[in-house]
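Secondary and tertiary structure notes
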Amino acid sequence: MTYKLTTYKTLTGTKQILELPKKKRTEAIIYKDNTPTYYVDCFDLQTESNVIMNSLVLGQKKSISDVVKEIAQKNNVNISVKEAPLFSIEKSHELTEIELPPLPENWLS
């Protein structure tokens, strides 16, 4: 899949964030230990992990970020959804091809 690797200039320095080319509220790139590791698409009903995320996000009317925080606490893992910094200037971006797996199912039960 193609993602956008964006470099932002912020007050504290330069940050790189892997983003979706077209941001949707039902999709997210999940970072583990500050590295892009997983991809969630709540409307991909072919993947069991994404079906479970669909019910967690849409069923509980929560954001993907909130659900990911709960999963992180429950499983004691350092995962999060990265957003563009609030005070930043987009310095550059490039399209990059990588395959990110869905979240592990055992974290979602």
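Scroll up to find the structure.
So, a few notes on the structure that sits alongside this text. (Residues numbered from 1 in each chain as written. Predicted model: local features only at pLDDT ≥ 70, side-chain atom pairs only at ≥ 80, totals over all residues. Heavy atoms only, no water.)

1. Re the packing of aromatic side chains
Enumeration according to the criterion identifies 2 aromatic pairs in this entry. Ring geometry for tyrosine 38 against tryptophan 107: centres 5.6 Å apart, planes inclined by 75°, an arrangement best described as edge-to-face. You can see tyrosine 38 sitting in strand S4 (residues 35–41) and its partner tryptophan 107 sitting in helix H3 (residues 105–108), a full 69 residues away along the chain. Tryptophan 107 gets classed as buried once you look at its relative accessible area, which sits at 11%. Positioned above the aromatic ring of tyrosine 31 is the side chain of lysine 82, whose terminal nitrogen or guanidinium carbon lies 5.6 Å from the ring centre. (Phe/Tyr/Trp six-rings, centres within 6.5 Å; stacked < 30°, edge-to-face > 60°. Helix = DSSP H or I, 4+ residues; strand = E, 2+ residues; numbered from the N terminus. Buried < 20%, exposed > 50% of the residue type's maximum accessible area, 1.4 Å probe, protein only. Lys NZ or Arg CZ within 6 Å of the ring centre and 35° of its normal.)

2. Some thoughts on the sheet that holds strand S5 (residues 79–81)
The strand order across the open sheet built from 3 strands is S4-S3-S5, with neighbouring strands paired in antiparallel fashion. Edge positions in the open sheet fall to S4 and S5, since each of these has one partner strand only. On average, each strand axis in the sheet is inclined to that of its neighbour by 35°, with strand direction left out of account. Lying over the sheet, helix H2 (residues 64–75) contacts strand S3 (27–32) and S5, oriented at roughly 175° with respect to S5. (Pairing = 2+ DSSP bridges. Axes fitted to C-alpha atoms, helices over the stretch in contact; angles between N-to-C directions. Contact = heavy atoms within 4.5 Å.)

3. Topic: the packing of helix H1 (residues 48–59) against H2
Contact geometry of H1 with H2 gives a least axis separation of 9 Å together with a crossing angle of 115°. When the interaxial angle is binned, H1 and H2 end up roughly perpendicular. Crossing angle aside, the handedness with which H1 passes H2 is right-handed. Contacts from Met53, Leu56 and Val57 in H1 reach Ile64, Val67 and Ile71 in H2. (Parallel < 35°, antiparallel > 145°, perpendicular 65-115°, else oblique. Left-handed = near helix turned anticlockwise from the far one by under 90°.)

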